[in-house]
Amino acid sequence: MGVYPEDKRIHASRLRKLWVAEGLLKPTSGKSLEEVAKEYMKDLIDRNLMMIDGLGCRGNIRFCKMHDLLRDLCLREAKKERFFCSPELGQDISSIQCRIVVLVQGTSNKKYDFSEVLHLAPLVRFSHVNLMKLAH
């Protein structure tokens, strides 16, 4: 969740799909991973770590935002686990000591030379971030 910029409006279904894709969820008692993800999201909202930022027509959570303290925790843990790195966070990606490189679009006018990185990993595109999974 730390890949999302501060105060970013997050599409809830996309976030849940990312949780599933990363293998962060375990199926429980006949529930689908999507149902488990919805329960986790509700739990984060009940604990005030995430906030509802928009509901769908059926009352389901369509958009959410992350509490600043949760984002800070995510960034610390991601750095400690070498899960992702990003030049926008002031991290040097030239050493490639992380699993995912995050390039946030529209946050910087700097041009980075990623020619040394691009041959190592496929690029996965999202609406606000590009994620390059690194082969380790």
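Quick caveat: nothing in here was measured; it's all calculated off a predicted structure. (Residues numbered from 1 in each chain as written. Predicted model: local features only at pLDDT ≥ 70, side-chain atom pairs only at ≥ 80, totals over all residues. Heavy atoms only, no water.)

Taking strand neighbours across the sheet as the criterion, the three strands line up as 1-3-2 in an open arrangement whose pairing is antiparallel. Either end of the sheet is taken by a strand with one partner, and the two such strands are strand 1 (10-11) and strand 2 (50-55). As paired elements, strand 1 and strand 3 (residues 61-66) share two bridges and run antiparallel to each other. Following the sheet pairing, H11 is matched in strand 3 by F63. (Pairing = 2+ DSSP bridges. Helix = DSSP H or I, 4+ residues; strand = E, 2+ residues; numbered from the N terminus.)

Between helix 1 (residues 12-21) and helix 2 (residues 33-46), whose axes approach to 10 Å, the crossing angle comes to 115°. The two elements helix 1 and helix 2 cross, and the hand of that crossing is right-handed. For the pair helix 1 and helix 2, the contacting residues are A12, L15, R16, W19 and V20 in the first and L33, E34, A37, K38, Y40, M41 and L44 in the second. Grouping the amino acids of the contact of helix 1 with helix 2 by side-chain chemistry returns nine nonpolar, no polar and three charged. (Axes fitted to C-alpha atoms, helices over the stretch in contact; angles between N-to-C directions. Left-handed = near helix turned anticlockwise from the far one by under 90°. Contact = heavy atoms within 4.5 Å. Nonpolar A, V, L, I, M, F, W, Y, C, P; charged D, E, K, R; others polar.)

The next thing to look at is the packing of aromatic side chains. The full count for this structure, using the stated rule, is zero aromatic pairs. Sitting above the plane of the F63 ring, R9 keeps its charged end 4.0 Å from the centroid. (Phe/Tyr/Trp six-rings, centres within 6.5 Å; stacked < 30°, edge-to-face > 60°. Lys NZ or Arg CZ within 6 Å of the ring centre and 35° of its normal.)

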